[in-house]
Amino acid sequence: MAPPPLASPVRIESQWTPFIVALSKRSGICMTLRMSSGGSQFESRIAAGEPSFAAPTPSVLVYAGGAVRYEPLVRSDLRRLRGVLVTRTDANIHRVSDLALQEMVDVGVPSSSARFMSIEPQRQLRRAGVRCRAIDFADPSNVLRAVALGKVPVGASLDLVLAEYEPAIRQQLQIIFATRPHLPPPFAAHPRVAPPVRQAVTRALLGMQGDAAGRSLLDAVHLTDPVRTDFAEYVADLGDVSSPAEGCTAMR
């Protein structure tokens with residue numbers, strides 16, 4: 001099972017391991033975590049169809065290359081995610097247009113292809129007349145740290161990741177732009193997974209909502225209040241979101 005690369009591999013493993021152990025017991029399906037070092041490696045694995053189960057970010061689910069199309073089974077009915085642009089609170093940057101005064105702005109991004117997490121915030125910069133150059137930091141957590149450390153003046157990330165980040169760093173950052181709310185990563189299955197196995201996992205995921213221990217585990221991996229979902233729902237959710245061509249110039 002491949003979890004989404006929304007933070008460091010160490011943090012993701014600590015969040016997902018208890019959940020996967022419990023899900024395996026409840027479903028009767030043996031699962032192990034397959035960690036990725038960042039967004040690029042995760043996207044390559046999904047495109048190659050390596051994991052039997054995954055929690056792909058919406059852009060990877062809908063737009064990832066390769067012949068494999070993962071089928072979403074369950075998503076959170078409570079969580080929604082917004083792509084955000086963040087700067088340091090002491091940077092004297094209060095709106096996106098304040099960056100237009102600079103000749104060229106380096107923008108930290110979590111992925112070169114993530115639509116509402118990366119491309120849509122970049123499009124907002126370009127619409128405000130900002131000349132920008134994207135630097136890939138592999139995940140939204142790394143972007144926040146890069147902005148806090150002054151490696152880039154602005155970064156594209158997720159509001160959920162910012163809300164859960166280390167308080168000492170979170171307090172140094174401010175949001176200057178946010179997208180509309182979008183669907184979170186679903187728990188999805190590879191086409192090779194047999195229907196009875198999918199059904200067992202889906203039942204177990206939905207059933208975890210029925211007890212306190214299960215709800216706590218679901219919340220830890222952002223599957224709070226799980227409901228059934230499908231591929232069409234994610235296609236519709238991303239229907240008005242930017243394409244990679246609308247982003248900043250990629251740094252080479």
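The residue numbers shown here count from 1 along each chain, following its written sequence. The model is predicted, so local features are restricted to residues of pLDDT at least 70 and side-chain atom pairs to those at 80 or more, both for listing and for counting; the totals for chains, interfaces and linings are taken over all residues. Here the side-chain values reflect all heavy atoms present in the structure, with hydrogen atoms and water set aside.

Participant: Outline the overall build of the protein chain, listing residues and values.
Facilitator: Of regular secondary structure, the protein chain possesses ten helices and ten strands. Against the compact-globule benchmark of 18 Å for 252 residues, the protein chain has a radius of gyration of 18 Å, which places it among compact chains. The principal-axis extents of the C-alpha atoms in the protein chain amount to approximately 60 × 40 × 25 Å. Three labels apply to residues, based on accessible area from a 1.4 Å probe with only protein chains included: buried if under 20% of the type maximum, exposed if over 50%, partly exposed otherwise in between. Looking at the 252 residues of the protein chain, the share that counts as buried comes to 53%. The criterion used for residue contact is that any of the two residues' heavy atoms lie within 4.5 Å. Within the protein chain, contacts between residues at least 6 apart in sequence are counted, and of these 78% link residues at least 24 apart. Comment: elements are numbered from the N terminus, with helices defined as DSSP H or I runs of at least four residues and strands as E runs of at least two. For the radius of gyration, the atom set is restricted to C-alpha positions; the globular benchmark scales as 2.2 Å times the number of residues to the power 0.38.

Participant: Mind laying out the nonpolar core, listing which residues take part and the relevant values?
Facilitator: Nine residue types can take part in a nonpolar core, namely buried Ala, Val, Leu, Ile, Met, Phe, Trp, Tyr and Cys, and a core is a set of them joined through side-chain atoms within 4.5 Å. In terms of nonpolar packing, the biggest core is built from 35 residues, with L144, L158 and L173 touching the most fellow members. Sorting the residues of this core by element identifies α2 (39–48), α3 (58–63), β3 (83–88), α4 (115–127), α5 (140–148), α6 (159–163) and α10 (231–237) as the ones contributing at least two each. Looking at which element gives the most residues to this core, the answer is α5, with five residues. Those residues in contact with L173 that lie beyond four places of it in its chain are T87, R88, T89, L144, V147, A148 and L162. By size, the runner-up hydrophobic cluster in this structure holds 24 residues, among which are I20, L73, V74 and L223.

Participant: Can you explain the pattern of salt bridges? Please cite residues and give values.
Facilitator: Two side chains that carry opposite charge are able to pair once their charged atoms sit near each other. Salt bridge criterion: a side-chain nitrogen from Lys or Arg within 4 Å of a carboxyl oxygen from Asp or Glu. Using the criterion set out here, one finds 17 salt bridges in the structure. For D211, the salt bridge identified is with R26, shortest N-O distance 2.9 Å. Of this pair, D211 sits in the loop between α8 (195–207) and α9 (212–220) while R26 sits in helix α1 (residues 9–27); the two residues are 185 residues apart in sequence, bridging distant segments of the chain. Between D90 and R88 there is a salt bridge whose closest N-O contact spans 2.9 Å. Relative accessible area serves as the criterion here: at 55%, D90 is assigned to the exposed category.

Participant: Account for the side chain of R115, naming residues and giving values.
Facilitator: Inspection of the secondary structure assignment puts R115 in helix α4. Despite its burial, R115 pairs with no opposite charge, the nearest such side chain being E246 at 7.1 Å. Engagement of the side chain of R115 in a polar contact is seen with the backbone oxygen of S242, the distance being 3.4 Å. Not counting residues up to four positions away in its chain, the partners in contact with R115 are S59, Y63, E120, P121, V241, S242, S243 and P244. Lys and Arg are tallied as positive, Asp and Glu as negative. Neither His nor the chain termini are counted. Polar contact is the term for a pair of N or O atoms within 3.5 Å; when the atoms are in protein, one must be able to donate a hydrogen and the other to accept it, and sequence-neighboring residues count only if both atoms are side-chain atoms.

Participant: So what's going on with α1? Residues and values would help.
Facilitator: The periodicity of an α-helix, 3.6 residues per turn, causes residues three or four places apart in sequence to face the same way. The span expected for a helix works out to 1.5 Å for each residue beyond the first. In a regular helix each residue adds 1.5 Å, so 19 residues correspond to 27 Å; α1 covers 25 Å between its end C-alpha atoms and thus fits that length. Bend, at a single residue, is the angle you get between axes fitted to the 7 residues ending at that residue and the 7 residues starting at it. In α1, a bend of some 35° at W16 exceeds every other bend along the element, and P18, a proline, comes one to four places later. The complete set of buried residues in α1 reads I12, Q15, W16, F19, I20, A22, L23, S24 and S27. Tucked inside the fold, the buried residues of α1 contact β8 (187–189), α8 and α9. Directly beyond the C-terminal end of α1, a positive phi value near 80° is found at G28.

Participant: Kindly report on the packing of aromatic side chains, identifying the contributing residues and their values.
Facilitator: Geometry of aromatic contacts follows a simple scheme: Phe, Tyr and Trp rings, the Trp one being its six-membered ring, pair when their centres are within 6.5 Å, and the pair is stacked under 30 degrees between planes, edge-to-face over 60, tilted otherwise. Within this structure, the stated rule accounts for three aromatic pairs. Between the aromatic rings of F53 and F187, the centroid separation amounts to 5.7 Å while the plane-to-plane angle is 40°, which identifies the pairing as tilted. Of this pair, F53 sits in strand β1 (residues 53–54) while F187 sits in strand β8, placing them 134 residues apart in sequence. What makes F53 buried here is its relative accessible area of 5%.

Participant: Please set out the state of the cysteines residue by residue, giving values where relevant.
Facilitator: Such a bond, covalent and formed between the sulfur atoms of two cysteines, is termed a disulfide. In this description, a disulfide is simply a cysteine sulfur pair whose atoms lie within 2.5 Å. For the structure shown, the criterion picks out one disulfide. Residue C132 pairs covalently with C248 via a disulfide, S to S 2.0 Å. On the sign convention where negative means left-handed, the S-S torsion of about -90° between C132 and C248 marks this disulfide as left-handed. Here the residue C132 occupies a position in strand β5 (residues 132–136), and C248 occupies one in the loop between α10 and β10 (249–250), the gap between them amounting to 116 residues.

Participant: Tell me about the sheet that holds strand β9 (residues 226–228), and please be specific about residues and values.
Facilitator: As summarised here, the arrangement of the four strands in space is β1-β8-β2-β9, forming an open sheet in which the pairing is antiparallel. The open sheet has two free edges, formed respectively by β1 and β9, since each of these has just one partner strand. With two bridges joining them, β1 and β8 adopt antiparallel strand pairing. From the neighbouring strand, A54 faces β8, where its bridge partner is A188. Strands were regarded as paired on the criterion that DSSP finds at least two bridges between them.

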